[in-house]
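# Summary of the model geometry
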Amino acid sequence: MQTGKPLLRGLNVLVVEDEAIVAINLESMLEELGCRVTGPIMHLDRALKAVGEGPAPDAAILDVNLNGQRVFPLARLLAARKTPILFATGYGREGLPVEWQTFPVVQKPYTLEQVARALETALASPALHHP
């Protein structure tokens, strides 16, 4: 049963996460919110290729650290395409470089409600694009 919020229903969300259990849980949360999930993509190079070649998602949830690589090249590409971004990290906002700290963040482990609120914030804040 979908309990999605109207703003999130039907939203195509790109999930970039390298931990399988976390990715599966996040995918389940997003589906419960009524979103369509692209991914999860577990490697930075694959995510860059998918975003570069495919249609832009409506929003993206990005794990900050992907197998030891920082996700910011992908975040720059998405921001240039005006895609709302939400960062997911175990380190919270303090784990982001200064230039990305204004973007919505969920700290792992997160709840469905935290993901929903952060996605709504990302969607409502078109000014949250990297310079």
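Numbers given to residues run from 1 along each chain, matching the order in which its sequence is written. The predicted nature of this model means local features are confined to residues of pLDDT at least 70 and side-chain atom pairs, given and counted, to a pLDDT of 80 or more, with totals for whole chains, interfaces and linings taken over all residues. Computation of side-chain values: all heavy atoms of the structure, hydrogens and water removed.

The biggest cluster of nonpolar side chains holds 22 residues, and the ones touching the most others in it are L62, L74, I85, F87 and W100. What counts as a helix is a DSSP run of H or I of at least four residues, what counts as a strand is a run of E of at least two, and both are numbered from the N terminus. Residue assignment for this core shows that the elements contributing at least two residues are β1 (12-16), α2 (44-53), β3 (59-63), α3 (72-80) and β6 (85-89). Among the elements that make up this core, the one with the highest residue count is α3 (five residues). If we ignore the near neighbours within four places in the chain, the residues touching L62 are V16, V71, L74, A75, L78, I85, L86, F87 and A88. Note on terminology: a nonpolar core comprises buried Ala, Val, Leu, Ile, Met, Phe, Trp, Tyr and Cys residues joined through side-chain atoms within 4.5 Å. To sort residues, take the accessible area from a 1.4 Å probe on protein chains only and compare it with the maximum for the residue type: under 20% means buried, over 50% means exposed, and anything in between is partly exposed. Core analysis: the second largest hydrophobic core is formed by 20 residues, V22, L26, L30 and I61 among them. Here, two residues are considered to be in contact whenever any of their heavy atoms come within 4.5 Å of each other.

Their axes nearest at 10 Å, the elements helix α1 (residues 20-32) and helix α4 (residues 112-124) cross at an angle of 65 degrees. The pairing of α1 with α4 is recorded here as roughly perpendicular in orientation. As for how α1 packs across α4, the hand of that crossing is right-handed. Across from L26, M29, L30 and E32 in α1, the residues of α4 making contact are L112, V115 and L119. Throughout, an axis means a line fitted to C-alpha atoms (over the contacting stretch in the case of helices), and angles, computed between N-to-C directions, take values from 0 to 180 degrees. Roughly parallel here means an angle under 35 degrees, roughly antiparallel means over 145, roughly perpendicular means 65 to 115, and every remaining angle is called oblique. What makes a crossing left-handed is the near helix being turned counterclockwise from the far one by less than a right angle; a clockwise turn instead makes it right-handed.

Our focus in this paragraph is the packing of α2 against α3. Axis separation between α2 and α3 bottoms out at 9 Å; the angle between their running directions is 10 degrees. Between α2 and α3, the crossing angle belongs to the class labelled roughly parallel. Every residue of α3 that contacts α2 at L44, A47, L48, V51 and G52 is listed here: P73, L74, L77 and L78. Polarity classes work like this: nonpolar for Ala, Val, Leu, Ile, Met, Phe, Trp, Tyr, Cys and Pro, charged for Asp, Glu, Lys and Arg, and polar for all others, with Gly in that last group. Residues belonging to the contact of α2 with α3 are distributed by class as follows: eight nonpolar, one polar and no charged.

To continue, consider the packing of aromatic side chains. Stacked, tilted and edge-to-face are the three classes applied to pairs of Phe, Tyr and Trp rings, where Trp contributes its six-membered ring and a pair requires centres within 6.5 Å; stacked means planes under 30 degrees apart, edge-to-face means over 60, and tilted covers the rest. Summed over the entire model, instances satisfying the criterion amount to five aromatic pairs. Aromatic side chains F72 and W100 sit 5.9 Å apart centroid to centroid with 20 degrees between the ring planes, which places their arrangement in the stacked category. Pair noted here: F72 is in helix α3 and W100 is in the loop between β6 and β7 (105-107), with a separation of 28 residues, a long-range link. One exposure class covers both F72 and W100, and it is buried. The interplanar angle of 55 degrees and the centroid separation of 5.0 Å between the aromatic rings of W100 and F103 together place this pair among those described as tilted. For F103, a relative accessible area of 1% gives the class buried. Each member of the aromatic cluster is reached from another via a ring pair, and the members are F72, F87, W100 and F103.

This brings us to the sheet that holds strand β2 (residues 36-41). Hydrogen bonds between backbone atoms are what pair the strands of a sheet, whose relative direction is either parallel or antiparallel. The criterion for strand pairing is that DSSP finds at least two bridges linking the strands in question. With parallel pairing, five strands are arranged side by side in an open sheet as β2-β1-β3-β6-β7. What marks the edges here is a single partner per strand, and that holds for β2 and β7. Each adjacent strand pair in this sheet contributes to an overall mean axis angle of 20 degrees, direction not counted. Both β1 and β3 contribute to a ladder of four bridges, which runs parallel. Across the sheet, the residue bridging to V13 is A59, located in β3. Helix-sheet contacts for α1 involve β1, β2 and β3, and the interaxial angle to β2 is about 170 degrees.

Remember, this is a structural readout, not a statement about activity or role.
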